Amino acid sequence: MSNPVDMKFLIVDDFSTMRRIVRGLLKEIGYNNAEEAEDGAVALNMLKNGKFDFVVSDINMPNMNGFDLLKAVKADDSLKHLPVLMVTAEARKEDIVLAAQSGAAGYIVKPFTKATLEEKVQKIMQKLATTA
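Residues numbered from 1 in each chain as written. Predicted model: local features only at pLDDT ≥ 70, side-chain atom pairs only at ≥ 80, totals over all residues. Heavy atoms only, no water.

Chemist: Where do I start with unusual backbone geometry in this structure?
Modeler: Peptide bonds are, in most cases, trans, and in most cases residues other than glycine have a negative phi. In the segment running from K110 into P111, the intervening peptide bond is cis, with an omega of -10 degrees. Mapped onto the fold, P111 is located in the loop between β5 (106-109) and α5 (114-131). Of note, N63 is a non-glycine position whose phi angle comes to about 65 degrees, a positive value. If you trace the backbone, N63 turns up in the loop between β3 (54-58) and α3 (66-75). Overall, N63 belongs to the exposed group, its relative accessible area being 70%. (Helix = DSSP H or I, 4+ residues; strand = E, 2+ residues; numbered from the N terminus. Buried < 20%, exposed > 50% of the residue type's maximum accessible area, 1.4 Å probe, protein only.)

Structural data, given as structure tokens:
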């Protein structure tokens, strides 16, 4: 991964407006390459068949929630390197702990600002750069 601007994001949320908001914020930060999935099952299929560098996933979704998606990604040798940023409307401590234990790269509570998203993404990128 040479240039962060070339990074490909997968935005996973069952609410299309939220996907659009996240995509818009990523674009404002300088990441123009993003695709969307409406739930974890669709996202997992896209991840297995495409080339993504970063996942931004909601937790509460039908079919396959964010935690199940996270576990599936971390259990897959070809995907487990992907950073997954969890997004949720509920700041429950047990969710934050579960996200961390399950291998999430970070956690954001809705509603969030461009600055919050940018800071989280940059922190995760820095962490990845030091472990790469």
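Chemist: Any chance you could explain the sheet that holds strand β1 (residues 8-12) here in plain terms?
Modeler: Think of a sheet as strands paired side by side through backbone hydrogen bonds, with each pair either parallel or antiparallel. Ordered by their spatial adjacency, five strands build an open sheet running β2-β1-β3-β4-β5, and the pairing between neighbours is parallel. Looking at the sheet topology across the chains shown, the edges are occupied by β2 (33-37) and β5. Each strand of the sheet is rotated relative to its neighbour by a mean of 20 degrees, with strand direction disregarded. By the bridge criterion, four bridges tie β1 to β3 in an arrangement that is parallel. What sits directly across from L10, in β3, is V55. (Pairing = 2+ DSSP bridges. Axes fitted to C-alpha atoms, helices over the stretch in contact; angles between N-to-C directions.)

Chemist: Would you explain the pairing of β5 in this entry?
Modeler: On any regular strand, side chains alternate: one points to one face of the sheet, the next to the other face. Both strand β4 (residues 84-88) and β5 contribute to a ladder of four bridges, which runs parallel. Note on β5: the bridge partner recorded for L85 is G106.

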